[in-house]
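One letter stands for each residue in the lines below.
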Amino acid sequence: MPQVKVPFEVTGWEPEPEPLELGEAGPVAFGRVRMRKTFSGALAGTSVVAMTSAAVGESPVGYVAVELVTGTLDGRTGTFVFQHSGVVDDGAPPPSGLVLPGTGTGELAGLRGTMSIAHDESGAVLTLDYELP
């Protein structure tokens, strides 16, 4: 299974103006945001992310997201969808997820895989382990 490490940049952050109303949650606030990213390297393209998060005060503690990616992977062009989640806490595993089966289009039809996200001094990096038919 091929693996690529893809640097990315968040290029847009559009929070919804009202927090989600999910009942009494004490100090926890729920919110939604639309995020945009640009990828470079082995996966070149852009994405739009729909993310829901939980936060205590100003600090997010967890999120779930679906992300529509449009671009070129390993010389093949198309779109696909990631589903991923993460917890913000020392010692927590990195955010991770998968390519939703059946979401690949164009030359990326049939794409399957898993992904994780890491942040270091050079920025954000997506690691994608994938299979193409």
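Just above sits the structure.
Residues numbered from 1 in each chain as written. Predicted model: local features only at pLDDT ≥ 70, side-chain atom pairs only at ≥ 80, totals over all residues. Heavy atoms only, no water.

Here we look at the pairing of strand E5 (residues 76–87)
Sheet analysis places strand E4 (residues 59–73) next to E5, joined by 12 bridges and oriented antiparallel. Residue pairing in the sheet places Thr70 in a bridge with Thr79 of E5. From the end of E4 to the start of E5, which pair antiparallel, there are 2 residues, and Asp74 there has a positive phi angle of about 55°. Bridge analysis of E5 against strand E6 (residues 96–99) gives 4 bridges, and the strand direction is antiparallel. Looking at E6, one finds that Ser85 is bridged to Ser96. (Pairing = 2+ DSSP bridges. Helix = DSSP H or I, 4+ residues; strand = E, 2+ residues; numbered from the N terminus.)

Focus on the sheet that holds strand E2 (residues 28–39)
The strands that make up a sheet are held in pairs by hydrogen bonds between backbone atoms, and each pair lies either parallel or antiparallel. On the basis of which strands lie adjacent, the closed barrel formed by 8 strands has the order E1-E2-E3-E4-E5-E6-E7-E8 and antiparallel pairing. Averaged over all pairs of adjacent strands, the angle between their axes in this sheet comes to 30°, without regard to strand direction. Taken together, the 3 bridges between E6 and strand E7 (residues 112–120) define a ladder with antiparallel strand orientation. Bridge pairing in E7 links Leu98 to Thr114. (Axes fitted to C-alpha atoms, helices over the stretch in contact; angles between N-to-C directions.)

A look at the layout of surface pockets
Computed from the structure, the largest pocket encloses a volume of approximately 660 Å³. Take the lining of the largest pocket: its biggest share by element is 7 residues, from E2. (1 Å grid on protein atoms, 1.4 Å probe; cavity = no way out; pocket = protein on both sides within 12 Å on 5 of 7 lines; lining within 4 Å. Points joined across faces, edges and corners; volume = space filled by probe spheres on them.)

What about unusual backbone geometry?
Trans peptide bonds make up the majority, and among non-glycine residues the majority have a negative phi. Although it is not a glycine, Asp74 sits at a positive phi angle of roughly 55°. Note on placement: Asp74 falls in the loop between E4 and E5. For Asp74, a relative accessible area of 51% gives the class exposed. (Buried < 20%, exposed > 50% of the residue type's maximum accessible area, 1.4 Å probe, protein only.)

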